[in-house]
Number of protein chains: 2
Amino acid sequence: MDFPSFLTSLATSFIIFVVLMLLFTWLSRKPGNAEVYYPNRILKGMNPVEGGYMARNPFAWIREAMSSSETDIINMSGVDTAVYFVFLGTALGIFAFSALVLLPVLLPVASTDHSIRAVNTTSNGTFTQLDRLSMGHVGKSGPRLWAFIVATYWVSIVAYFFLWRAYKHVTELRAKALMSPEVRADQFAILVRDIPAVSDGQSKKEQIDSFFRQIYPETFYRSMVVTDNKKVNKIYEELEGYKKKLERAEAIYAESKKTNPDAIRPSHKTGLFGMIGEKVDSIEFYNDKIKELIQLLEAEQKATLKEKQQSSALVFFNSRLAAASASQNLHAPIVDTWTVMDAPEPRQLIWTNLSKKFYERMIRQYVVYTVVFLTIFFYLIPIGFVSALTTLDNLMKILPFLKPVVKQKAIKTVLEAFLPQLALILFLALLPKFLLFLSRAEGIPSESHVTRAASGKYFYFSVLNVFIGVTLGGTLFTNFKNVENNPNSIFLVLAESLPKNATFFLTFVALRFFVGYGLELSRIVPLIIFHLKKKYMCKTEAEIKEAWAPGDLSYATRFPGDMLIMTIVLCYSVIAPIIIPFGVVYFGLGWLLLRNQALKVYVPSFESYGRMWPHIHTRMLAALILYQVTMCGYFGVKMFKPTPVLFPLPIFSLIFALICQKRFRRFFISPALEVVSHELKEVPNLEIAFRSFIPPCLSAGKSDEHQFEDALSHVSKTGSSSV
Amino acid sequence: MDFPSFLTSLATSFIIFVVLMLLFTWLSRKPGNAEVYYPNRILKGMNPVEGGYMARNPFAWIREAMSSSETDIINMSGVDTAVYFVFLGTALGIFAFSALVLLPVLLPVASTDHSIRAVNTTSNGTFTQLDRLSMGHVGKSGPRLWAFIVATYWVSIVAYFFLWRAYKHVTELRAKALMSPEVRADQFAILVRDIPAVSDGQSKKEQIDSFFRQIYPETFYRSMVVTDNKKVNKIYEELEGYKKKLERAEAIYAESKKTNPDAIRPSHKTGLFGMIGEKVDSIEFYNDKIKELIQLLEAEQKATLKEKQQSSALVFFNSRLAAASASQNLHAPIVDTWTVMDAPEPRQLIWTNLSKKFYERMIRQYVVYTVVFLTIFFYLIPIGFVSALTTLDNLMKILPFLKPVVKQKAIKTVLEAFLPQLALILFLALLPKFLLFLSRAEGIPSESHVTRAASGKYFYFSVLNVFIGVTLGGTLFTNFKNVENNPNSIFLVLAESLPKNATFFLTFVALRFFVGYGLELSRIVPLIIFHLKKKYMCKTEAEIKEAWAPGDLSYATRFPGDMLIMTIVLCYSVIAPIIIPFGVVYFGLGWLLLRNQALKVYVPSFESYGRMWPHIHTRMLAALILYQVTMCGYFGVKMFKPTPVLFPLPIFSLIFALICQKRFRRFFISPALEVVSHELKEVPNLEIAFRSFIPPCLSAGKSDEHQFEDALSHVSKTGSSSV
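Residues numbered from 1 in each chain as written. Chains lettered and ligands numbered in written order. Predicted model: local features only at pLDDT ≥ 70, side-chain atom pairs only at ≥ 80, totals over all residues. Heavy atoms only, no water.

J.: Can you walk me through the overall build of chain A in this structure?
T.: When helices and strands are counted, chain A shows 32 helices and six strands. Counting over 723 residues, chain A shows a buried share of 50%. When contacts within chain A are restricted to residue pairs at least 6 apart in sequence, those whose partners lie at least 24 apart make up 82%. Within the structure as shown, chain A displays about 33800 Å² of accessible surface, and the carbon and sulfur contribution to it stands at 64%. (Helix = DSSP H or I, 4+ residues; strand = E, 2+ residues; numbered from the N terminus. Buried < 20%, exposed > 50% of the residue type's maximum accessible area, 1.4 Å probe, protein only. Contact = heavy atoms within 4.5 Å. Areas by Shrake-Rupley, 256 points an atom, 1.4 Å probe, with all protein chains shown as cover.)

Okay, here's the thing in structure tokens:
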């Protein structure tokens, strides 16, 4: 890539960004789009925009984002989001402080070095403008390299400082959230798994109750045995489906009545896709189905509660101190029985994973790790295979009716260009879902943990495949034999290839922030989908609400994306310091835009009180170590004799990691008792806390409150069954 | 070593053993030796021998040892000793069951192989009798090697079985001990370290009390702040020294008065070693000193309690359930503050280590590990250096007055043979003490933990230096370059050298059990020392008691010694199955003899409720893996094609280790709540539990009970100080 084309690509990205910003300013002022641009405020029952749409300054959102405090973020979007901003702020801080020293020092040092100009003049005109500003322009083993050594240390020290500050700050955030006087159901419960087989004549529930009552005679409140809800859940979902269909049919009928009082009642066929079979009156049919299913559901609920008890349970305590303490204690001398952990929020419990056994979880974990490892390293093999199969010729053989279409020249050209990539594009689009699926298959009991696990896997995938993959390109495989014999040489190879790809990654980062953040803020895609759905598909209020449901920040892909940028910028920070401003803009702009999105758009789907942080911290440190090791290699390539002064850096990072782990980590696994011993603002209603954990498929369908009450007391008092 | 000399060495060892056994039978029947042969029974207030010395069957001790149950051992010597017998039993079981299959199968298979007889006949007469019974006698890549492959698997499977059973059994032992209805002071206390600095105007004691009272409002009893007792302890020890001297002087005076009523009162000089200085009346002098020191001690006690408080404390709870739970909980969000662990017994607390800070402990640990690593690998260097310095010529230069003595030919010969080894002998004799010192320097708070740590270090030292060192001999260093380039080749080198040393280790094991156990049982050395001391040095009852104090089983050296034998026998089990009977005899004889010693001789100096087990288990598994890897190498040397069928074995061992760790380990760190929730047989007297933790230097010297009470209430109530 030469300089003009680099500038062109930068300019194009910038223009797209400006256009998207203008679009946002225009679209967000239309009241009809409020559900797309302010869903979080609407769901919280707030006025979407204070002071009317048109009267607003078009850049008011910037002021609002800038002036919002951390407390605002926690109130609007929870601790996890606040932690995400700590992450953005940390990355921004690291790069800003690095830039403060690196730009004014390294750029002049590099550009005024004339030692290798003789070599450079031969390649004159290609890309000297940027090359001159990078470490590649400094002569081999020249004394000017000392400046770059110092710079490498400076970036590391700045990183340690900000990482330490951030960990401390997140610890405080988490402590504050856990000690909050609000009553939160999950703080009163623990999750108990691997309960051993019941002995003679005892029911599961009796076993659990007597076990915990003996140990916690005063603080034990009640237990809820986990049941196998597969069947009851299926019935429940079917029932909910029919309810929606009924609502929809009624809405259609009411609408058509408005224009034509004699409108016929909606009807449909009962067979496949409503295309064949008997024709029935929809409203009547759905009503009948619902009645039938409610009876089925109630029968199945009873059967589930009585007969499908699993070997795990949620145990409730009458104080959060007792629950926090219980969640950390060893209960039985055989350690793999009666394992406990603090209960996640009811909404993020993965009910089907709760009853997975200890060793099953272990085996599943290792199997998943193996699959992920294979995916990361060998995903190109099946994709290449699929690509080879889906050539045009093959396609025409399988689907002969396509022949006349494909024969057209224009279409053929497009298809031929597009088909080979198809498998890869599909794979990359589906990868996050696949990783989430894999993480769920590990047997993890909470959604937030699944998100963390998937995010970690995605991070390793993107760093290895995008960053290292692009950098090394073909060289890795040609050098494979070499690397196998001497694993350390991978860093030498990496160090040699890095500088060549500096401009590629410069444009990559710029594209990510201009186009990526432009799309993020303007929400063009959700906007179009919402309006299409609203116009053509949605008939009921519930359906419309579903159409504009904003979703959460989806950390599973967002973090790894940001971390990839961070890794790239870190690794290039000293080699080509010109990349640092791009990093600053990426994280600065990200902070600003996502502040707006967190305050107004996204609705978090869970709250883990900042448990994401240790994972982010570890990955940032991994990126830092990758950077340090690469620099060692690069200075080696530069034949710089004092290179060994860099060798302590990765060791410092490991020591730093160890100290952080010792000092902070455990609080992110177990709640500290000091924190939860703070008083609550009201006496907790334990009955409500208990009920909030009952899954909808078990609590729904009861027509009157009395029956519901009855079922619950059955659950808790007869002893032979539970939810 | 040829066959006759092997038999001679075996016979010599056996004769020594028989002589020592006869000595034991004779000596142990003399009532005057009861303190040497039955000290544990005497200290427990029991009759040394039921039914008089001479009336006893000389082999009664064998019957008594055989018929003693595990409960007897626990009652007489504690859970730790019972766990030691589980270890001996496990090793015995592994070898006995291995022998059952290996001896009848492998010996015929090996001795009837004629494929390499042609080679062997050339070396006829040297040692074919034993060689014929070993794997070396089987032809390279012959089908008979399959029997050895099966044998390798059989030994591993037997080991897994016995290790699993043992871990389960030890878990039960520990659970039973922890749930015992006896009141044990240490079960009501936790050790809190890394208490942060006191905030405004609060005393340390107030800070600790208010912290724990907030979290455990109902179960917190009282706290004891750890103080810096260095100075007060010094005064206390001086005081105790004078008390002993006074007692001795009085005893001497009383004795001499018996024979001569006008005996002069004992006197001594106050200067160096009582040789120079003013002559004083001893009894008066000591009485004055004691009075003086008591006053000093009391003043220093007050000062210590008030001013020398450290940042750690013992915290007492009013139920053992509460203490067990508190010892496992995270208390503060900053994890490296308020760290807790369950309190060790008062007698094994290492008071000076209690106040070591978190990171200080960490650093100390790593420094110690480095020192141990260097010691294990490079201990020969300083020893060689010292040996070179202490040649006769050098000695004569430094100490010229030795010249006439050294010039004598006989003395010179002895010295020349002995001097070079001197440094090595001294080093090996002092090594356990050195390792104990190092382990203590890590900042470990309890003696039992120090013992475990030292035992682990000694294990690695002995396996690496005795077993691998002897086996490889010179070859390791000549092959060093080779090994460095390909670390796996160490196992090939080991595999090649192993068979050559089989007879060396056969005699080594035999020596250990015949001579080692003979000395152990007959207690010749302690007997002689006791009688010498009693006759010439001891004047008072206390001094005599000190002279026969039996000590404990000193696990720090005993376990590594046994583990070395176990490693040797395991590694040779398939290569030269004839070693297995030696292993069986070692552990069988050991079990029997130490049963006697545990019941009658040794007095345990601490009780850790079997915490030693996970360490033993890990080391046995390490030995097993060493055996498996060596076998892989040896089959490789034998050019046996199906060798890879052995490769899964080390992996199985690692999986086995992982499962054992997950299933059993944590219970050996934290007490399980189910276990300690069992009821006590009486309401615990917390005041006594509390007082039992006060170190003698702080509680002693109070002349009347009232004052003592007063000091204690001062400690606990004024808030500004504590013990």
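Back to the write-up after that little detour.
J.: Mind showing me how you'd approach helix α4 (residues 60–67) of chain A here?
T.: At 3.6 residues per turn, the α-helix brings residues three or four places apart onto the same side. Residues and elements named next belong to chain A. Three or more residues of α4 are buried, namely Ala 60, Trp 61 and Ala 65. Projected down its long axis, α4 shows its buried positions confined to an angular sector of 130°, all on one face. Those residues of α4 that are exposed and aimed more than 90 degrees away from the buried face are Arg 63, Met 66 and Ser 67. (Arc of directions from axis to C-beta.)

J.: Would you mind going over the pattern of salt bridges with me for this structure?
T.: Pairs may arise between side chains of opposite charge once their charged atoms sit close together. All names here are of chain A. Enumeration over the complete set of coordinates arrives at 38 salt bridges over all chains. Put simply, Arg 248 and Glu 543 hold a salt bridge, and the shortest N to O gap is 3.2 Å. Of this pair, Arg 248 sits in helix α10 (residues 230–259) while Glu 543 sits in helix α24 (residues 541–548), and the two are 295 residues apart along the sequence. One salt bridge in this structure joins Glu 442 and Lys 457, with 2.6 Å as the shortest N-O distance. With Glu 442 in the loop between α17 (409–441) and α18 (447–472) and Lys 457 in helix α18, this pair connects stretches of sequence that are 15 residues apart. Each member of the pair Glu 442 and Lys 457 is classed as buried. (Salt bridge = Lys/Arg side-chain N within 4 Å of Asp/Glu carboxyl O.)

J.: Help me understand the interface of chain B and chain A in this model?
T.: In many reports, interface size means the accessible area that the parts give up when they come together. Contacts between the two partners involve 38 residues from chain B, matched on the other side by 38 residues from chain A. In total, about 3200 Å² of surface goes out of reach between chain B and chain A, with carbon and sulfur atoms giving 63% of it. The largest per-residue losses of area from chain B upon contact with chain A belong to Leu 330, Pro 333 and Arg 663 of chain B, which jointly make up 19% of the total buried on that side. Applying the counting criterion to the chain B and chain A interface returns two salt bridges. The partner of Asp 336 of chain A in a salt bridge is Arg 663 of chain B, with the nearest N and O atoms 2.8 Å apart. Counting across the interface, chain B meets chain A through 17 residue pairs in polar contact (both at pLDDT 80 or more). (Buried area = accessible area lost by both parts, 1.4 Å probe. Polar contact = N/O pair within 3.5 Å; in protein donor to acceptor, adjacent residues only side chain to side chain.)

J.: I keep staring at the relation of the copies chain B and chain A and nothing clicks. Help me out?
T.: Both copies of the chain are placed relative to one another by a rotation about an axis and a shift along it. Once turned by 180° and shifted 0.0 Å along the axis, chain B lies on chain A with an RMSD of 0.1 Å. Taken together, the rotation and translation relating the two chain copies correspond to the operation of a two-fold axis. Mapped onto chain A, 100% of the interface residues of chain B are again interface residues, and the two copies thus contact each other with one and the same surface. (Least-squares fit on C-alpha atoms with pLDDT ≥ 70 in both.)

J.: Can you help me understand the sheet that holds strand β2 (residues 220–227) of chain B in this one?
T.: Pairing between the strands of a sheet is mediated by backbone hydrogen bonds and can be parallel or antiparallel. Residue and element names in this part refer to chain B. Across the sheet, four strands lie side by side as β2-β5-β1-β6; this open sheet has antiparallel pairing. The open sheet has two edge strands with one neighbour each: β2 and β6 (339–342). The sheet shows a mean angle of 25° between the axes of neighbouring strands, direction not considered. (Pairing = 2+ DSSP bridges. Axes fitted to C-alpha atoms, helices over the stretch in contact; angles between N-to-C directions.)

J.: For this particular structure, what's the right way to read the state of the cysteines?
T.: Each disulfide is one covalent bond, formed between the sulfur atoms of two cysteines. For the structure shown, the criterion picks out zero disulfides over all chains. Free of any disulfide, Cys 571 of chain A has its nearest cysteine sulfur in Cys 632 of chain A, 12 Å distant. For Cys 571 of chain A, a relative accessible area of 0% translates into the label buried. Here Cys 660 of chain B stays unpaired: no disulfide links it, and the sulfur of Cys 571 of chain B, its closest cysteine neighbor, is 20 Å away. On the basis of relative accessible area, Cys 660 of chain B is assigned to the buried category, the value being 0%. (Disulfide = S-S within 2.5 Å.)

J.: How should a negative patch on the surface be read in this particular structure?
T.: Residue and element names in this part refer to chain A. A cluster of like negative charges, contributed by Glu 238, Glu 284, Asp 288 and Glu 292, occupies part of the molecular surface. Here the element with the most residues in the negative patch is helix α11 (residues 282–307); it accounts for three residues. Structurally, Asp 288 is set in helix α11. Accessibility expressed as a relative area gives 46% for Asp 288, which makes it partly exposed. (Patch = residues over 30% accessible without salt bridge, like charges linked within 9 Å, V, L, I, M, F, W, Y side chains within 5 Å. Lys, Arg positive; Asp, Glu negative; His and termini not counted. Charge placed at Lys NZ, Arg CZ, Asp CG, Glu CD.)

J.: Help me out: how do you make sense of the nonpolar core in this one?
T.: One recurring pattern in soluble globular proteins: nonpolar side chains tend to sit buried together. If you look at the biggest cluster of nonpolar residues, it comprises 129 residues, and the most contacted ones within it are Phe 87, Phe 148, Phe 467, Val 574 and Trp 613 of chain A. Those residues in contact with Phe 467 of chain A, other than ones at most four positions away along the chain, are Ser 462, Leu 498, Phe 505, Leu 564, Thr 567, Ile 568, Cys 571, Tyr 572 and Leu 626 of chain A. The next biggest cluster of nonpolar side chains, apart from the first, holds 127 residues, and it includes Leu 27, Val 86, Leu 163 and Ala 576 of chain B. (Core = buried A, V, L, I, M, F, W, Y, C linked by side-chain atoms within 4.5 Å.)

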